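Fold and contact review
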Amino acid sequence: MKTFEHGGQIEKFAFDLGCSVSEIIDLSSNINFVKPQINIDFNSLDISSYPTYDKLYEKIAFNYGVSSSQIELFNGGSSAIFTLFKHLNLNSCTIYSPAYLEYKKASLNFGYELQTINRFENVNENVKENSLVIFVNPSTPDGKYYDLEELMQTWIENSCTILIDESFLDFCDKPSAIKYLETYDKLYILKSMTKFYSSAGIRVGTIVSTKQNIEKLKRFEPMWKLSQFDSNYLQAALDDKLFKNISKAINIKNKIELENILKESDLIEEIFESSANYLLVKLSNLNAKEFQEKLKPYKIMVRDCSNFDYLDERFVRIAVKSSIANEVLQKALKEIC
């Protein structure tokens, strides 16, 4: 795979198989398969005037238990990452890897001296003083949740600027790093609601930090960067008060189903513990490309993880989807074994 490729090219996958996209079981995508109830008529939206974001800021801030002055919104999580790297203008960056590939890309693009730490083998490795520390929690592509207490102390002692990516935290009931904002002001937290609210096409990413840090970030941001459609969709999604609990319950149930299916297969050597809506697996005797080829007749698509740091061609990420998707995967694994 290419260095920064994210997978999930479902249109090409369907084209190669000569079928429609709707026929594909996309286990490569970590977007929530459960969708909120959206009660809004987009044809009625007034798009003749410039958008205002006050209500959106209020609802997102309330969702995360912070004030509106502690958040800044961006045109997607990747945009937030690149803006932060550019704004901070630090010399070095430490990424706890494997991690979301846009961090490495941003680090290289903005000329940071890059250090990667293999969190599988030595999560307590020393970090450079005054560096920008990147930690994804729950992690990608394995979904592990880390208790950050000791790491936070280490980073603070080294005067690091810290970015915690909590894009998948909504899928579990683990605590957020937001509490550390009370005692440390060089902390930024990335929230990507579009993963949990099944709206990758709605480009809204959120940075949470201190009021002072957010004020500095806002100086570099354009006045209008989100569309009226983005804003209204997310507000409507947040209005579905039952969605959070229902979605988490269904994802947990289906993840247990998926784990049990994978445990039964001789094709799988190892399944990594996950608090997110996906599982990282290590294959027994196949590489990811071979595994994907065997799944093609079943129209199943998985994520080859060979372009992540510290992972090789035997690692695959499989997303949690519907029970029907689980059944098709189970049938496939039994027949190709």
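Everything numeric in this text was worked out from a predicted model, so none of it was measured. (Residues numbered from 1 in each chain as written. Predicted model: local features only at pLDDT ≥ 70, side-chain atom pairs only at ≥ 80, totals over all residues. Heavy atoms only, no water.)

**Details of the layout of surface pockets**
Roughly 840 Å³ of internal volume is contained in the largest pocket. Taken together, 34 residues line the largest pocket, and the ones lying closest to its centre are Ser 29, Asn 30, Ile 31, Lys 195 and Ala 200. For the lining of the largest pocket, the secondary-structure elements that each account for two or more residues are α3 (77-88) and α6 (193-196). A per-element tally of the lining of the largest pocket places α3 first, with three residues. Taken together, the residues of the lining of the largest pocket sort by class into twelve nonpolar, 14 polar and eight charged. (1 Å grid on protein atoms, 1.4 Å probe; cavity = no way out; pocket = protein on both sides within 12 Å on 5 of 7 lines; lining within 4 Å. Points joined across faces, edges and corners; volume = space filled by probe spheres on them. Helix = DSSP H or I, 4+ residues; strand = E, 2+ residues; numbered from the N terminus. Nonpolar A, V, L, I, M, F, W, Y, C, P; charged D, E, K, R; others polar.)

**Some points on the sheet that holds strand β9 (residues 268-271)**
Overall, antiparallel pairing links the four strands, which are arranged β9-β10-β13-β12 in an open sheet. In this open sheet, the two strands that pair with only one neighbour each are β9 and β12 (303-304). Two strands pair when backbone bridges link them, and strand β10 (residues 278-283) and strand β13 (residues 315-319) are joined in this way by five bridges, in the antiparallel orientation. When the bridges of β13 are listed, Lys 282 appears paired with Phe 315. Contacts between helix α9 (residues 243-263) and the sheet are confined to β9, β10 and β13, with β10 contributing the most and set at about 5° to the helix. (Pairing = 2+ DSSP bridges. Contact = heavy atoms within 4.5 Å. Axes fitted to C-alpha atoms, helices over the stretch in contact; angles between N-to-C directions.)

**A few points about the pattern of salt bridges**
Applying the stated criterion across every chain, the model contains 17 salt bridges. Residue Lys 331 is joined to Glu 335 by a salt bridge in which the shortest nitrogen-to-oxygen separation is 3.0 Å. Placement of both Lys 331 and Glu 335 in helix α11 (residues 323-336) is noted, with a separation of four residues, approximately one turn of the helix. Residue classification places Glu 335 among the partly exposed positions, given a relative accessible area of 46%. Taken together, the salt bridges that share partners define one network made up of Glu 72, Lys 218, Glu 221 and Lys 225. (Salt bridge = Lys/Arg side-chain N within 4 Å of Asp/Glu carboxyl O. Buried < 20%, exposed > 50% of the residue type's maximum accessible area, 1.4 Å probe, protein only.)

**So, the UniProt feature "domain: Aminotransferase class I/classII large" (unreviewed entry) in the protein**
Mapped onto the present numbering, the UniProt feature "domain: Aminotransferase class I/classII large" (unreviewed entry) falls at residues 50-336. When the span residues 50-336 is considered, its composition is 37% helix and 19% strand, and the gap between its end C-alpha atoms is 55 Å. (UniProt positions renumbered as here; feature names shortened; annotations may be inferred.)

**Remarks on helix α5 (residues 149-157)**
Within α5 the residues assigned to the buried category are Leu 151, Met 152 and Trp 155. Buried residues along α5 cover an arc of 100° about the axis, so they all sit on one side. Opposite the packed face of α5, turned more than 90 degrees from it, sit the exposed residues Glu 150 and Glu 157. Turning to α5, the residues buried within the fold contact β3 (92-97), β5 (132-136), β6 (161-165) and β7 (187-191). (Arc of directions from axis to C-beta.)

**A short note on the domain arrangement of the protein**
You'll often see interface size given as the accessible area lost when the parts meet. Domain assignment breaks the protein into domain 1 (10-30 + 243-336) and domain 2 (53-236). The C-alpha-based centres of domain 1 and domain 2 are spaced at 27 Å. The interface of domain 1 with domain 2 comprises 22 residues on the first partner and 27 residues on the second. Of the roughly 2,100 Å² buried at the junction of domain 1 and domain 2 (both faces included), carbon and sulfur atoms supply 61%. Between the two partners, domain 1 and domain 2, sit two salt bridges. Among the salt bridges present, the one from Asp 309 reaches Lys 104, with a minimum N-O distance of 2.9 Å. Our count for the domain 1 to domain 2 interface comes out at six residue pairs in polar contact (both at pLDDT 80 or more). Contributions of two or more residues to the side of domain 1 that touches domain 2 are made by α9 and β10. When residues in the side of domain 1 that touches domain 2 are grouped by element, the largest group, five residues, is from α9. Residues of the side of domain 1 that touches domain 2, tallied by class, amount to nine nonpolar, seven polar and six charged. (Domains from an automatic or database assignment. Buried area = accessible area lost by both parts, 1.4 Å probe. Polar contact = N/O pair within 3.5 Å; in protein donor to acceptor, adjacent residues only side chain to side chain.)

**Observations concerning the side chain of Lys 321**
Along the polypeptide, Lys 321 turns up in the loop between β13 and α11. No salt bridge is formed by the buried Lys 321; its nearest oppositely charged neighbour, Asp 26, is found at 6.1 Å. Among the polar contacts listed, one links the side chain of Lys 321 to the backbone oxygen of Ser 29, at a separation of 3.0 Å. Every residue in contact with Lys 321, bar those within four places of it in the chain, is listed here: Asp 26, Leu 27, Ser 29, Ile 31, Phe 33, Asn 254 and Asn 326. (Lys, Arg positive; Asp, Glu negative; His and termini not counted.)

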